[in-house]
Structures are given as structure tokens and as C-alpha cells.
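# Structural overview
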Amino acid sequence: MDDEGLFTVGRLSRRTGMPARTIRYWSDVGVLPPAARSEGGYRLYDAGAVARLELVRTLRDLGLGLDDIRRVLERRSTLAEVAAVHVDALDARIRTLRIRRAVLSTVARRRSGTEETKLLNDLARLSAEERRRIVEDFVDDVFGGQGGEQEPGNRARHIRIDLPDDPTPEQVDAWVELAGLARDPGFRRRMRDLVEHGAGQEPEGFARFAKRVVSLAGQARENGVSPDSPEAAEVVARLLGDADAAGRAAVRERIETGVYAEADRYRRLMAVINGREPTPSHADDFAWLLDALRA
């Protein structure tokens, strides 16, 4: 400090531990103006500059830009206002980093090549709005035109399917697979056919039919009922009602082509993405029914 109680850049640097070049730069951009100049033109700072320098360093450590800091120091914006903006920005950044970490974990676990890695990253980094549109477009295509407030298309629109802020690699895996299914024209066509014509001529026939398969066929399977037995024939009759030969053949064909398994897989992926424990797969129950239909 000189005779007038002012600091040179060098002495201010030693006092605060900040590099002299940083102090000069902050002075140049206006966040740390000097209190005066020496006869030789050197910048001089008063005791208030020490406190101001500590504040600037703190705000920089918190990620605020120099323009924002200058507005705060000049009282053109309050610190609370600037901090609120930066909280939002940090939240977005943190979410991006978490998704990036999950994608890299998935790449490492699956030993993905460059093409798959790009696909994983592209799908995982879609905005929440873009992910919502993928699902809604699928729901509209599959369930559209069915009508009725309580029918699957309307109910499905209210089902949240989105990655959480801190997704696990398993959730990223599930989202990538589900997005692939939702955008696959063949899968959409098979699901639409299942909704419109499968297991009872109603839009909600599949869900109802699947529950009955789990209840009736699943129970018979667990009880050791042979698919070619008279008891199995009774179970099939209860499941399919008065369906004629063509109706039974259609159900058999859908099981053989795996459409019920695909629908079950989609449902299980939804559960993983939403952080729920997936319900058990009922592939064995449908396999038992297929054997009974063949018999």
C-alpha cells in the first residue's frame, strides 16, 4: 500500500492471492475499476477494491459471467435476479451432463460401435418436448380414431413416458429401444391391428384379453394342465368365447408372429423409463395358449 492508502496491482495480487493479470483484465472489462492512477500511470486500488475483488471472485466461482457481475455491481440487476437465471441454466447443464454420463455408461456396457453410439446420443439428447412428440405420435397412430374418453388412446395420452433428470443406463437403454419401436412403421401397423381386431372386436380388446390370458391360461399352466387336454380346451373356450375358426386362427397367428410379446415388451419398457418395477413377463402364458390352440 502506498502513502495514500492505495494498492498497486502487484500488492493487491499479493493481498488477495489473485493473479495480477486477472486483476488487470477485470479492471479492463469494468468489474474492478481502479480508484486512481499513479503519476506513472499505474492503477491504484483502495480498500473497497479488496472486498469488491473477493465478491467478483466468488461470483465467478459460482459460474456467473462478467457481464452479469457488472450489472450486479452497477445495481442494474439484483444478485437474486441474476442468480435465479443461473440456477435455471445450471439445472439444464446438470441434466445434460447426467444424460451424457448415462449414455457413456451404456456405450461402455454394450461395447457400442460408432454408429450405435451416435444413435444412443441422438435419442437420449432429444428435448423433453421432442420425446413427448414421439410417444404421442405413436399413440395417435395406434389408437387414433377409436373415440371415447375412456378408451386407450385417450388414457395413453396421460401416461408420462420420459427420461428422469438423472437417468440410469438401464433407463437410457429402455428409452432408445422404446423410441425405436415407436418410430417403426411395422411395429405401429401390428399394434394398430392388434388394437382394432385382436381378441374381441373392441379397441381395448388386447388389454382385456391379455389379463384374461394371464388369469386363465396362466393358472392352468401353473396347475400343470396339458395344452392338449380337455381341460385346456375348456380354458380356450372361456378365453375366446364363441369365436369361430377364423377368429381362433387370427389369435393363433398373432401369437405366432410375436405381436403380443411386442406389446408386452413395450409395456415393460415404459415401466423401466418411468422408474417402476416391470410386471412379470407373461410369455409363458401365451406360449401355453398357443400350444392349446394348435392342439
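Residues numbered from 1 in each chain as written. Predicted model: local features only at pLDDT ≥ 70, side-chain atom pairs only at ≥ 80, totals over all residues. Heavy atoms only, no water.

This next bit is on unusual backbone geometry. In this model, Arg 75 sits at a positive phi of 60°, which is unusual for a non-glycine residue. The topology assignment puts Arg 75 in the loop between helix 4 (66-73) and helix 5 (79-110). Of the residues examined, Arg 75 reaches a relative accessible area of 75% and is grouped as exposed. (Helix = DSSP H or I, 4+ residues; strand = E, 2+ residues; numbered from the N terminus. Buried < 20%, exposed > 50% of the residue type's maximum accessible area, 1.4 Å probe, protein only.)

On the secondary structure map, Thr 16 appears in helix 1 (residues 9-16). Thr 16 sits in the buried class, given a relative accessible area of 10%. At a separation of 2.9 Å, a polar atom in the side chain of Thr 16 contacts the main-chain carbonyl oxygen of Leu 12. Among the polar contacts made by the side chain of Thr 16, one reaches the main-chain amide nitrogen of Met 18 at a distance of 3.3 Å. Discounting chain neighbours no more than four positions away, the residues touching Thr 16 are Ile 23, Val 50, Leu 53, Glu 54 and Arg 57. (Polar contact = N/O pair within 3.5 Å; in protein donor to acceptor, adjacent residues only side chain to side chain. Contact = heavy atoms within 4.5 Å.)

Attention shifts here to the nonpolar core. Within the largest apolar cluster, 52 residues are counted, with the highest numbers of intra-cluster contacts made by Trp 175, Leu 178, Phe 209, Leu 239 and Tyr 266. Looking at which element gives the most residues to this core, the answer is helix 9 (residues 169-182), with 8 residues. When sequence neighbours within four positions are dropped, the list of residues in contact with Tyr 266 reads Val 135, Phe 138, Ile 161, Leu 178, Leu 181 and Phe 187. The next biggest cluster of nonpolar side chains, apart from the first, holds 20 residues, and it includes Ile 23, Val 31, Val 56 and Leu 73. (Core = buried A, V, L, I, M, F, W, Y, C linked by side-chain atoms within 4.5 Å.)

All right, on to the pattern of salt bridges then. For the coordinates displayed, the defined rule picks out 12 salt bridges. For Arg 190, the salt bridge identified is with Glu 262, shortest N-O distance 2.8 Å. Note that Arg 190 is positioned in helix 10 (residues 185-197) and Glu 262 in helix 14 (residues 259-273), a separation of 72 residues in sequence. The partly exposed category is assigned to Arg 190, whose relative accessible area is 28%. Two residues, Arg 294 and Asp 291, come together in a salt bridge whose shortest N-O distance is 3.9 Å. With Arg 294 and Asp 291 both in helix 15 (residues 283-294) and 3 residues apart, the pair spans about one turn of that helix. Residue classification places Arg 294 among the partly exposed residues on the basis of a relative accessible area of 46%. One network of salt bridges, in which partners are shared, links Asp 137, Asp 141, Arg 188 and Arg 192. (Salt bridge = Lys/Arg side-chain N within 4 Å of Asp/Glu carboxyl O.)

Before going further, it helps to spend a moment on helix 12 (residues 230-240). When helix 12 is considered as a whole, its buried residues turn out to be Ala 232, Val 235, Val 236, Leu 239 and Leu 240. Buried residues in helix 12, looked at end-on, bunch into an arc of 115°, giving them a common side. Turned more than 90 degrees away from the buried face of helix 12 sit Pro 230, Glu 234 and Arg 238, all of them exposed. After helix 12 finishes, the residue Gly 241 shows a positive phi value of roughly 60°. (Arc of directions from axis to C-beta.)

With that out of the way, let us pick up the packing of aromatic side chains. One pass over the full model with this rule turns up 3 aromatic pairs. Following the ring pairs from residue to residue traces out a cluster consisting of Phe 138, Phe 187 and Tyr 266. (Phe/Tyr/Trp six-rings, centres within 6.5 Å; stacked < 30°, edge-to-face > 60°.)

A few words on the packing of helix 7 (residues 128-143) against helix 9. Contact pair helix 7 / helix 9: the axes reach a minimum separation of 9 Å and the direction vectors enclose 45°. In terms of their interaxial angle, helix 7 and helix 9 are classed as oblique. The interaxial crossing formed by helix 7 with helix 9 has left-handed handedness. Residue-level contacts link Arg 131, Ile 134, Val 135 and Phe 138 of helix 7 to Trp 175, Leu 178 and Ala 182 of helix 9. (Axes fitted to C-alpha atoms, helices over the stretch in contact; angles between N-to-C directions. Parallel < 35°, antiparallel > 145°, perpendicular 65-115°, else oblique. Left-handed = near helix turned anticlockwise from the far one by under 90°.)

Honestly, it's all geometry; don't read function into it.
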